[in-house]
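Take a look at the letters that make up each chain.
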Amino acid sequence: MWDVRIDVETIRTIRESELKINLLEVLDPKSGLLERLSDPVMLVDLLYLVCKSQADCEQISPADFGRAMAGDAIAEATDALLESLVNFCPNARLRNVQSQMLKAASRARDQALTAIEAKIADGSLERAMNAALAQHGHSSGDAPGSLESIPLG
């Protein structure tokens, strides 16, 4: 539904907003901005500003936009934002490098998730956690059975 498109006006709007984010720095690893955007609230606020003209046309408030963003919608919007930032880059060589970097990061993330899923499925993750607990003086029987059994306060 949303057209996540980065242009000069979008960059200016976001720089001048209360977020004070320079989108041109997102793909620069030294800026730390990409890590800051792992905060879903900040990310959705940024995405709202990117899509603000569309939201205004549809009379969608920032709160309604935020309520619609959860789970896969955030992941897909993040991918669209990063792709749009790469496409905005005026240097074709740099654009190609950035595109390849995003693809490599995506592959690495997928490989890491696949490895973790395999460790969960074969029980080796649970065995490693129990061994770590035992090493620190806790038996696996001391570990809570589920997240629900952990007291929160």
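Preceding this paragraph is the structure being described.
Residues numbered from 1 in each chain as written. Predicted model: local features only at pLDDT ≥ 70, side-chain atom pairs only at ≥ 80, totals over all residues. Heavy atoms only, no water.

Within the chain, Lys20 stands out as a residue other than glycine whose phi angle is a positive 55 degrees. Note that Lys20 resides in the loop between α1 (8–16) and α2 (33–36). (Helix = DSSP H or I, 4+ residues; strand = E, 2+ residues; numbered from the N terminus.)

Within an α-helix, residues lying three or four positions from one another point in the same direction, as the helix has 3.6 residues per turn. The end-to-end C-alpha distance of helix α7 (residues 92–121), which contains 30 residues, comes to 43 Å, matching closely the 44 Å that a straight helix rising 1.5 Å per residue would cover. The N-capping residue of α7, defined by a side-chain oxygen 2.9 Å from the backbone nitrogen of Arg93, is Asn91. Gly123 sits one or two positions beyond α7 and adopts a positive phi of about 85 degrees. (Expected span 1.5 Å × (residues − 1). Polar contact = N/O pair within 3.5 Å; in protein donor to acceptor, adjacent residues only side chain to side chain.)

The subject of this paragraph is the nonpolar core. Across soluble globular proteins, nonpolar side chains have a tendency to be buried as a group. The biggest cluster of nonpolar side chains holds 29 residues, and the ones touching the most others in it are Ile21, Leu23, Val26, Leu46, Val50, Leu81 and Leu85. Within the residue set of this core, elements represented by two or more residues are α1, α3 (40–50) and α6 (72–88). With residues near it in sequence (within four places) discarded, Ile21 still touches Ile14, Arg15, Leu33, Arg36, Leu37 and Met42. (Core = buried A, V, L, I, M, F, W, Y, C linked by side-chain atoms within 4.5 Å. Buried < 20%, exposed > 50% of the residue type's maximum accessible area, 1.4 Å probe, protein only. Contact = heavy atoms within 4.5 Å.)

A word on the pattern of salt bridges. In this structure the tally under the stated criterion is four salt bridges. Among the salt bridges present, the one from Arg5 reaches Asp3, with a minimum N-O distance of 2.7 Å. Overall, Arg5 belongs to the exposed group, its relative accessible area being 51%. A salt bridge links Lys52 to Asp56; the shortest N-O distance between them is 2.9 Å. Taken together, the residues Lys52 and Asp56, both in helix α4 (residues 52–57) and four residues apart, mark about one turn of the helix. (Salt bridge = Lys/Arg side-chain N within 4 Å of Asp/Glu carboxyl O.)

What follows is about a nonpolar patch on the surface. The grouping of Leu113, Ile116, Ile120, Leu125 and Met129 at the surface amounts to a nonpolar patch, some 460 Å² of accessible area in total. Elements that contribute at least two residues to the nonpolar patch include exactly α7 and α8 (124–135). Residue position: Leu125 is located in helix α8. (Patch = residues over 30% accessible without salt bridge, like charges linked within 9 Å, V, L, I, M, F, W, Y side chains within 5 Å. Areas by Shrake-Rupley, 256 points an atom, 1.4 Å probe, with all protein chains shown as cover.)

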